[in-house]
Amino acid sequence: MLKSDRPDGRFLSSYGIVHEMLKDMHPRFAYHSGMSGDKFKQWQDSVRSAMITIMKFPEVEEQPAPVCVKTEKRDGYTLEKWEFYPFPKSVSTFLVLRSDNLKEAVPGILCIPGSGGTKEGLAGEPGICPKLNEDYTNPRRTMALNFVKEGYIAVAVDNAAAGEASDLECYDKGWDYDYDVVSRFLLEMGWNWLGYTSYLDMQVLNWIKMQPSIRKDRIVVSGFSLGTEPMMVLGVLDRDIHAFVYNDFLCQTQERALVMTKPNKESRRPFPNSIRHLIPDYWKYFNFPDVVASLAPRPVIFTEGGLDRDFHLVQSAYDDCGKPDNVEFHHYPKFADKANRIDVEHLPEGLDAQTFF
């Protein structure tokens, strides 16, 4: 725990000063259980308004409509590759997996990969070049392929600066993508990585909503790890999304920065994550559990655990909406038994990354 050695408790260390500032920051739109129906809707509207402000989606003049550039038959389904054009001088791509047995409109799942992942990996396909191959036969990774096998239409995207959207990784770094240099450009221009990648995903989501083969009332967004961040943004901004699959642990990111203060072997206190996660003003408004709570009463499933404290907060939002069964929580097998979990209200300062996780 950081302590001042002065009798007045003041810090000379700049780190200590900004650490104290962060301690005193209380998110404006943190969720508090017991909100009435109208008050809950007003709070949701406030979360949405704040998200619009900090994501800074641009108003882009009309661009060409998405185009299917390749169609290939697979065992029991068809794989399509599409291009879309979010900005002048830009092109992005996504994959669509359609079952061969569709007789009517079915649910559509927007699948977003985690860090180091690609749309090809989600679809069970090799990478766009050998350096970008993933473990694409592992069913734990092939999210989109798993969904199409269940009879849904799956749409897989890349995260910004990864996969087909990466720079020189095809030639050297491989799947160790350099997200940070793109994030730095965006931050210098007053934007941020999450706003940029969420804007791209929103264009794909809008395309999904126009497809006659996809049920408009059964659009789902499923994210792995890093992909849960744009998933949350889309969920707040687009109320047409029916449900969410949260494939990551749930935590309060502000608390994570406050408690992971143990110096490393280089005698530095590293920040918990990279600048691709830096969204200016995010902590002024909310933490991840607050954002997920604002998705209520739409169904959401958590698959990788978190503190019971944060799950209780999300559960209380669904209770207040009258839909307590629309949220489902799962821990890693090691912690599935409540006796193996520690129920804490506040994590202690001075943790390293391993202890925090």
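Above this text you will find the structure in question.
Presented here is a report on the structure given in the accompanying data block. (Residues numbered from 1 in each chain as written. Predicted model: local features only at pLDDT ≥ 70, side-chain atom pairs only at ≥ 80, totals over all residues. Heavy atoms only, no water.)

This part takes up the overall build of the protein. A count of helices and strands for the protein gives 12 helices and 9 strands. Against the compact-globule benchmark of 21 Å for 357 residues, the protein has a radius of gyration of 21 Å, which places it among compact chains. Based on the C-alpha atoms only, the size of the protein along its principal axes is roughly 70 × 50 × 45 Å. Counting the 357 residues in the protein, one finds 48% classified as buried. Sequence-distant contacts in the protein: of pairs separated by 6 or more residues, those separated by 24 or more amount to 69%. (Helix = DSSP H or I, 4+ residues; strand = E, 2+ residues; numbered from the N terminus. Rg over C-alpha atoms; globule rule 2.2 N^0.38 Å. Buried < 20%, exposed > 50% of the residue type's maximum accessible area, 1.4 Å probe, protein only. Contact = heavy atoms within 4.5 Å.)

To continue, consider helix 5 (residues 179-188). Along helix 5, the positions that sit buried rather than exposed are Tyr179, Ser183 and Leu186. The buried residues of helix 5 occupy one face: seen down the axis, they fall within an arc of 65 degrees. What points out from helix 5, more than 90 degrees from its buried face, is the exposed set Phe185 and Glu188. Looking at the buried residues of helix 5, the elements they touch are helix 6 (193-209). The N-cap residue of helix 5 is Asp178: its side-chain oxygen and the backbone nitrogen of Asp180 are 3.3 Å apart. (Arc of directions from axis to C-beta. Polar contact = N/O pair within 3.5 Å; in protein donor to acceptor, adjacent residues only side chain to side chain.)

A few words on the side chain of Thr197. Looking at the element boundaries, Thr197 is found in helix 6. Given the relative accessible area of 0%, Thr197 is considered buried. Those residues in contact with Thr197 that sit more than four places away from it in its chain are Asn159, Ala160 and Pro230.

The next subject is the nonpolar core. Core analysis: the largest hydrophobic core is formed by 70 residues, its most contacted members being Met51, Phe94, Leu110, Tyr246, Phe286 and Phe302. Of all the elements, helix 6 adds the most residues to this core, at 9 residues. In this view, Phe94 contacts Glu80, Lys81, Trp82, Phe84, Lys119, Val155, Ala156, Val157, Val204 and Trp207; residues no more than four positions away in its chain are not counted. Judged by nonpolar contacts, the second largest core, of 19 residues, contains Leu122, Ala123, Ala154 and Phe224. (Core = buried A, V, L, I, M, F, W, Y, C linked by side-chain atoms within 4.5 Å.)

So, on to the packing of helix 2 (residues 37-55) against helix 7 (residues 228-237). Two elements in contact, helix 2 and helix 7, have axes whose closest approach is 9 Å; the angle formed by their N-to-C orientations is 125 degrees. Classed by the angle they form, the pair helix 2 and helix 7 counts as oblique. The two elements helix 2 and helix 7 meet at a crossing, and its hand is left-handed. Residues Val47, Arg48, Met51, Ile52 and Met55 of helix 2 form the contact with helix 7, whose participating residues are Val233, Val236 and Leu237. A per-class count over the contact of helix 2 with helix 7 returns 7 nonpolar, no polar and 1 charged. (Axes fitted to C-alpha atoms, helices over the stretch in contact; angles between N-to-C directions. Parallel < 35°, antiparallel > 145°, perpendicular 65-115°, else oblique. Left-handed = near helix turned anticlockwise from the far one by under 90°. Nonpolar A, V, L, I, M, F, W, Y, C, P; charged D, E, K, R; others polar.)

In this structure, the largest pocket spans a volume of roughly 710 Å³. Around the largest pocket, the lining is made up of 26 residues, and of these Gly306, Leu307, Phe335, Phe356 and Phe357 lie nearest the centre. Secondary-structure elements contributing two or more residues to the lining of the largest pocket are helix 11 (308-320) and helix 12 (353-356). The element that contributes the greatest number of residues to the lining of the largest pocket is helix 11, accounting for 3 residues. Across the lining of the largest pocket, the residue classes tally to 13 nonpolar, 7 polar and 6 charged. (1 Å grid on protein atoms, 1.4 Å probe; cavity = no way out; pocket = protein on both sides within 12 Å on 5 of 7 lines; lining within 4 Å. Points joined across faces, edges and corners; volume = space filled by probe spheres on them.)

With that out of the way, let us pick up the packing of aromatic side chains. In total, this model carries 27 aromatic pairs according to the counting rule given. Ring centres 5.5 Å apart and planes at 80 degrees place the aromatic pair Phe57 and Tyr199 in the edge-to-face group. Of this pair, Phe57 sits in the loop between helix 2 and strand 1 (67-74) while Tyr199 sits in helix 6; the two residues are 142 residues apart in sequence, bridging distant segments of the chain. When its relative accessible area of 27% is taken as the criterion, Phe57 is described as partly exposed. Among the aromatic residues, those joined into a cluster by ring pairs are Phe29, Tyr282, Tyr285, Phe286 and Phe288. (Phe/Tyr/Trp six-rings, centres within 6.5 Å; stacked < 30°, edge-to-face > 60°.)

What the 9 strands build is an open sheet, ordered 1-2-3-5-4-6-7-8-9; its pairing is mixed. Each end of this open sheet is capped by a strand with a single partner; those strands are strand 1 and strand 9 (327-329). Each strand of the sheet is rotated relative to its neighbour by a mean of 15 degrees, with strand direction disregarded. Note that strand 3 (residues 92-99) and strand 5 (residues 153-157) share 4 bridges and pair antiparallel. Within the sheet, the bridge partner assigned to Leu97 lies in strand 5 and is Ala154. (Pairing = 2+ DSSP bridges.)

Moving on: unusual backbone geometry. At the junction of Ala296 and Pro297, the peptide bond is cis and its omega measures out at 5 degrees in the coordinates. With respect to the helices and strands, Pro297 occurs in the loop between helix 10 (288-293) and strand 8 (300-302). Positive phi is not limited to glycine here, since Lys56 has a value of about 55 degrees. With respect to the helices and strands, the residue Lys56 is situated in the loop between helix 2 and strand 1.

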